[in-house]
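An overview of the molecular structure
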Amino acid sequence: MKLVTYQFQGETAVGILTPAGDAVHPVPGVSDMTALIARWPELDAAAVCRGDAVPLREVRLLAPIPHPAQDVICLGINFYDHAAESGSVTGKQDNVPKAAIYFSKRVDEAVAPGGAIDSHSDMVRDLDYEAELAVVIGKPAYHVREADALDHVFGYTVLNDVSARTIQAAHQQWYRGKSLDGFTPIGPWIVTPDEFDVTRPARIQSFVNGEPRQDSTIDLLIFDVPHVIAELSRGMTLRPGTIISMGTPAGVGMGFDPPRWLRPGDTVTCRVEGIGDLTNTVR
Ligand code: MG
């Protein structure tokens, strides 16, 4: 199923998309995705899908989790092709990490599908995009084995890990350069695991003004989703609603010679096959 957060007639609601994807069934009595995740095990989703539906053209989609309760957990250098690309920029020969690189990204408010990426052009000269597969945790995870890790996933979505490269480099840590307001588009929806098998090699792509930039498959992740959930949950609780962004493949603006930074007016689409397109315009 595809689950959306949206505004309709001034109210924020969550709902289930129709199979055709042209309308949404509101979930009664639940106004945000975190509450829906908590209610999901006992929710009669089939009954919701027999109820009324609102045409999608009449609603405004929001990010599925507009206000994450905690910082998004991100992976750095987690695609083999991006490790080579990034190493060529930084001059590191063997750039494949021996252990997963974790960092976090503050998200005051996630940018909606179709919403604006804030270029912060007064302070950022090297704005970049990163198409990523994001995992949303469904059941609390603590000391979870790799074999059981996917049982703790609520669903999957697309995240654009927008980055200001100079800020990222100046502070020797990714946090600040990736956490500016308007730097985290998420969406367009969460797809539940019955419709998206993360063990299959889904294509992941990005486009800037329609021009292909990134094009890879998620089997090229260096550390896969079960590994990451199992490892993070060793000694650290992952709560329902936690977002883990799995890292980006080659083809980011930084990797071109000369680099190809985003500018106001550019349109960026991040796509994961089987999930959907997340399109935003730089402001
Ligand atoms: Mg990233």
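Shown above is the structure to which this text applies.
Residues numbered from 1 in each chain as written. Predicted model: local features only at pLDDT ≥ 70, side-chain atom pairs only at ≥ 80, totals over all residues. Heavy atoms only, no water.

This part covers the coordination of the magnesium ion. Six octahedral donors around a metal ideally sit at 90 or 180 degrees from one another, while four tetrahedral donors ideally sit at 109.5 degrees. At this site the magnesium ion is bound by Glu130 (OE), Glu132 (OE) and Asp161 (OD), with donor distances of 2.0 to 2.1 Å. Expressed as a motif, the donor residue spacing for the magnesium ion is E-x1-E-x28-D. The exposure class assigned to Glu130 is buried, which follows from its relative accessible area of 5%. (Donors = N, O, S within 2.8 Å, 3.2 Å for Na, K, Ca; no water. Buried < 20%, exposed > 50% of the residue type's maximum accessible area, 1.4 Å probe, protein only.)

Time to look at the packing of aromatic side chains. In this structure the tally under the stated criterion is three aromatic pairs. Both rings, one in Tyr156 and one in Phe196, keep their centres 5.2 Å apart while their planes meet at 55°; by these two values the pair is tilted. In this pair, Tyr156 sits in strand 11 (residues 153–160) while Phe196 sits in the loop between strand 13 (186–191) and strand 14 (203–208), placing the two residues 40 residues apart along the sequence. Just above the ring of Phe256 sits the side chain of Arg213; from NZ or CZ to the centre is 5.4 Å. Positioned above the aromatic ring of Phe256 is the side chain of Arg260, whose terminal nitrogen or guanidinium carbon lies 5.3 Å from the ring centre. (Phe/Tyr/Trp six-rings, centres within 6.5 Å; stacked < 30°, edge-to-face > 60°. Helix = DSSP H or I, 4+ residues; strand = E, 2+ residues; numbered from the N terminus. Lys NZ or Arg CZ within 6 Å of the ring centre and 35° of its normal.)

Right, let's talk about the environment of Ser104 for a bit. By the secondary structure assignment, Ser104 is in strand 7 (residues 101–105). Overall, the relative accessible area of 25% leaves Ser104 in the partly exposed class. A C-alpha to C-alpha distance of 5.9 Å links Ser104 and Asp71, two positions 33 residues apart in sequence. Contacts of Ser104, omitting those with residues within four sequence positions, involve Asp71, Val72, Cys74, Tyr175 and Ser179. (Contact = heavy atoms within 4.5 Å.)

Now for the side chain of Ser163. Relative to the helices and strands, Ser163 resides in strand 12 (residues 163–164). Relative accessible area serves as the criterion here: at 0%, Ser163 is assigned to the buried category. Among the polar contacts listed, one links the side chain of Ser163 to the backbone oxygen of Asp161, at a separation of 2.9 Å. (Polar contact = N/O pair within 3.5 Å; in protein donor to acceptor, adjacent residues only side chain to side chain.)

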